[in-house]
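# Results of the structural survey
Residues per chain are reported as follows:
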Amino acid sequence: MSKEQKNAPGAEKTVKRRTYYARRKKAAVQAPANQPAAAAASVQAPGKAAEGKRRKSSAATRGVKGKVTPVRLTMLGGLNEIGKNIMLFEYGNDAFLIDCGMEFPDDDMFGVDVVLPDFSYLDKVADKVRGIFLTHGHEDHIGGLPYLLKKHPFPLYGTRLTLALVEGKLKEHGLNNITMNVVKPGQVVPVGSLSVEFVHVNHSIPDAVALAIKTPLGYVIHTGDFKIDCTPILGDMIDLGRFGELGRAGVLLLMADSTNAERPGYTPSERVVGESFANLFTKAQKKRIIIATFSSNLHRIQQIIDASAHDKRKVAVSGRSMVNVVSIANELGYLTIPDGIMVDIDEINRYPKEKMTIITTGSQGEPMSALTRMAFSEHRKVDVGPDDYIIISATPIPGNEKTVGKVINELMKRGCDVVYEKMYDVHVSGHACQEELKLIHGLTRPHYFIPVHGEQKHMVKHAALAQLMGMPAKNILIPDIGKVIEITPSKMEVAGTVPAGRVLVDGLGIGDVGSIVLRDRKHLAEDGLIVVVAAVDTVAGILVSGPDIVSRGFVYVRESEELIEQARRLAADVLQTCCNQDARDWSAMKARVREELSRMLFQKTKKSPMILPVILEV
């Protein structure tokens, strides 16, 4: 290092970090001479055990011919995407799953209701899966459970609120035979030769936890979704002390939330939103207040109730998921609701508008959500207008900006005052920003690091943060779904690939909509459909009737009669030619009609509709 580099800002910290990792590397080769025997017998921090002590380690860490049994991670979802988080953790003959989420469909997934992970690999290892450990109750972490548990009824482990939300989902799907084990932060659950400890973290939903998995090779920490909130609305702040203790005990691997890895600084406390609500309620004295937020954000809902109680307003809840979550949270004591403040949505017209607050779903502009139906005058109970003050208390998920903007525009057209995230502090994230991520890295001091929960850009940025903290690049792995990762104290590598991807749910059909069906739906949506119907006498080899042309979504027939007639004549000529050659070769006949019509229609319109020939034999 040059003299200028030594004097540069932060150079001293960089030198210390490099020295720290150099010492760890050296310790992996040669153990300290004065290390107590008791310490050698305990689980060592990754990289700190000497080669001699590795040879004397318990047989539990070794497989056939003295090889070290690796920790195996199979990434089935949640990487390079926002949603459908699920991972298989294996060590020897012991295995369990971490989370099982879903994802909402993109705009190009026409007709699809839900996107699930591909569970097919679990059929091969189901016999050794001991259960599913849940980090929290958001849909991207629990939404896929009913679909997996129908085939593999694994026991569930989670906190009280998380399992209460899961229970409601399972009842909807008729699943009443699933074992649910309620755990508390700090509790340790044995899983064969492993154990899983639940560590309290802060997030935008209560009862969120990280998982500290104790293996014979050291701890593996999975943070789940988290942030550091020193002034949480409900419960205690994140258990940073325990993360520090785990770091001292020895962390083989850290897997940490990457959602906000691009954002510098710290995520603001949820109490910032409460202060904004107080100011906005003052501005809306003469109007009804409608607030759209995530149904699972109980901290936000509690602050809305508190602000409404302060202004002596009644509160109603709209939206199926919002009603369910508020009911469950109130029953379990996660919400503090003053007596007499809640009213049914059917009763809102009994009260003056300026004394009414409505909490609703639809912060992401979902087509069937309550707020969207209000914006387009399709809501049966709520009619919005100039007397409404609407607050959208959420940030659009990437890809939803356009739909959210459309809802805002419609609300404004109806004269509503609309406040959204960019205008005031009406939303804070539930995910850690860069300085919070650095703090977790510093406390846990992992030997290896895998960024999870985010798109590629988020995980790459998180990997760069780990390197900034002094971790060697060779100890960091950015995986993708379907990859099997094997980890020992000496190496971390991709050891294979398993089937992974997405399974689409459309109505009652699971997996029956694939890429070909989506391609056809996209084709129909873009260019429409032409159906050619004709009858052929196969004995005489003549065209008996037709062809008739039916157009849907291609052109307006009444204004394109000449084009349709040209298409009909061309189809008739092609069919008659085919009849003269071989009237029984149906496949060739349909293909010829499709090719000739497609060529002609593209020349005339520059559009390529889907062409479906229907030939009847008489």
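Residues numbered from 1 in each chain as written. Predicted model: local features only at pLDDT ≥ 70, side-chain atom pairs only at ≥ 80, totals over all residues. Heavy atoms only, no water.

## Things to note about the overall build of the chain
- Looking only at helices and strands, the chain has 19 helices and 25 strands in total.
- The proportion of buried residues among the 618 residues of the chain is 51%.
- Long-range pairs, those at least 24 residues apart, make up 71% of the contacts in the chain with a sequence separation of at least 6. (Helix = DSSP H or I, 4+ residues; strand = E, 2+ residues; numbered from the N terminus. Buried < 20%, exposed > 50% of the residue type's maximum accessible area, 1.4 Å probe, protein only. Contact = heavy atoms within 4.5 Å.)

## Thoughts on the pairing of strand E18 (residues 448–452)
- Burial of E18 is extensive: five of the five residues sit out of reach of the surface.
- With burial as the criterion, each face of E18 is covered, one bearing Tyr448, Ile450 and Val452 and the other bearing Phe449 and Pro451.
- Note: strand E12 (residues 251–257) against E18, five bridges, orientation parallel. Across the sheet, Ala256 pairs through a bridge with Pro451, a residue of E18. (Pairing = 2+ DSSP bridges.)

## Comments concerning the nonpolar core
- Within the largest apolar cluster, 64 residues are counted, with the highest numbers of intra-cluster contacts made by Leu97, Ile132, Leu145, Leu149, Leu156 and Ile391.
- In this view, Ile391 contacts Phe277, Leu280, Ile289, Ile290, Ile291, Ala292, Val419 and Val426; residues no more than four positions away in its chain are not counted. (Core = buried A, V, L, I, M, F, W, Y, C linked by side-chain atoms within 4.5 Å.)

## Topic: a nonpolar patch on the surface
- The grouping of Ile542, Val544 and Val618 at the surface amounts to a nonpolar patch, some 250 Å² of accessible area in total.
- By the element assignment, Val618 lies in the segment after strand E25 (610–617).
- By relative accessible area, which is 55% here, Val618 ends up exposed. (Patch = residues over 30% accessible without salt bridge, like charges linked within 9 Å, V, L, I, M, F, W, Y side chains within 5 Å. Areas by Shrake-Rupley, 256 points an atom, 1.4 Å probe, with all protein chains shown as cover. Salt bridge = Lys/Arg side-chain N within 4 Å of Asp/Glu carboxyl O.)

## Description of empty space enclosed by the protein
- Tallied over the entire structure, the rule returns two cavities of 30 Å³ or more.
- If you add up the space inside the largest cavity, you get close to 80 Å³.
- In terms of lining, the largest cavity is formed by Met75, Gly77, Gly78, Leu79, Asn85, Ile86, Met87, Ile98, Asp99, His222, Val452 and His453.
- Every element with two or more residues in the lining of the largest cavity is listed here: strand E1 (71–77) and strand E2 (86–91).
- For the lining of the largest cavity, the residue count by class is six nonpolar, five polar and one charged. (1 Å grid on protein atoms, 1.4 Å probe; cavity = no way out; pocket = protein on both sides within 12 Å on 5 of 7 lines; lining within 4 Å. Points joined across faces, edges and corners; volume = space filled by probe spheres on them. Nonpolar A, V, L, I, M, F, W, Y, C, P; charged D, E, K, R; others polar.)

## Thoughts on the pattern of salt bridges
- Across all of its chains, the model carries 23 salt bridges by this definition.
- Arg72 is paired through a salt bridge with Glu486; the nearest N and O atoms lie 2.7 Å apart. Placement of Arg72 in strand E1 and of Glu486 in strand E19 (residues 483–488) is noted, with a sequence separation of 414 residues between them.
- Note that Glu139 is salt-bridged to Lys169, the shortest N-O span being 2.7 Å. Taken as a pair, Glu139 in helix H6 (residues 139–142) and Lys169 in helix H8 (residues 160–172) lie far apart in primary sequence, 30 residues in all.
- Residue class for Lys169 comes out buried when judged on its relative accessible area of 19%.

## A look at the packing of helix H9 (residues 240–249) against helix H15 (residues 434–444)
- Close contact between H9 and H15 brings their axes to 7 Å; oriented N to C, the two are set at 45 degrees. Taken together, the axis directions place H9 and H15 in an arrangement best described as oblique. For the pair formed by H9 and H15, the contact residues are Leu240, Phe243, Gly244 and Gly247 on the first element and Leu439, Ile440, Leu443 and Thr444 on the second.
- Split by residue class, the contact of H9 with H15 holds five nonpolar, three polar and no charged. (Axes fitted to C-alpha atoms, helices over the stretch in contact; angles between N-to-C directions. Parallel < 35°, antiparallel > 145°, perpendicular 65-115°, else oblique.)

## Some words on the sheet that holds E1
- The eight strands are arranged E7-E6-E5-E3-E2-E1-E19-E20 in an open sheet whose pairing can be described as mixed. The strands lining the two open edges of the sheet, one partner per strand, are strand E7 (180–182) and strand E20 (491–497). The average angle at which neighbouring strand axes cross in this sheet is 25 degrees, direction not considered.
- As defined by bridge partners, strand E3 (residues 94–98) adjoins strand E5 (residues 129–133) across three bridges and the pair is classed as parallel. When the bridges of E5 are listed, Ala95 appears paired with Val129.
- On the sheet, H8 packs against strand E6 (156–158) and E7 and is oriented at approximately 160 degrees with respect to E7.

## Quick notes on the environment of Val460
- Structurally, the position occupied by Val460 is in helix H16 (residues 456–468).
- For Val460, a relative accessible area of 40% puts it in the partly exposed group.
- Along the primary structure Val460 and Ala261 are separated by 199 residues, whereas in three dimensions their C-alpha atoms are 8.7 Å apart.

## A closer look at the confidence of the model for the chain
- Averaged over the chain, the pLDDT score is 84; the fraction of residues at 70 or greater is 84%.
- Segment residues 2–60 is flagged for pLDDT under 50; beyond a separation of four residues in sequence, or across chains, it makes 62 contacts in the model. (pLDDT = per-residue confidence, 0-100.)

## Brief notes about the sheet that holds strand E14 (residues 314–318)
- Pairing in this open sheet of five strands is parallel, and the strands run E14-E15-E13-E16-E17 from one edge to the other. The strands lining the two open edges of the sheet, one partner per strand, are E14 and strand E17 (417–419). Strand-to-strand twist of the sheet, defined as the mean angle between neighbouring strand axes without regard to direction, takes the value 20 degrees.
- When strand E16 (residues 388–392) meets E17, the two strands line up parallel, connected through three bridges. Within the sheet, the bridge partner assigned to Ile390 lies in E17 and is Val418.
- Packed on one face of the sheet, helix H10 (residues 271–283) meets strand E13 (288–292), strand E15 (356–360), E16 and E17 and runs near 160 degrees to E16.
- Running over the sheet, helix H11 (residues 298–310) touches E13, E14 and E15 and is turned about 175 degrees from E15.

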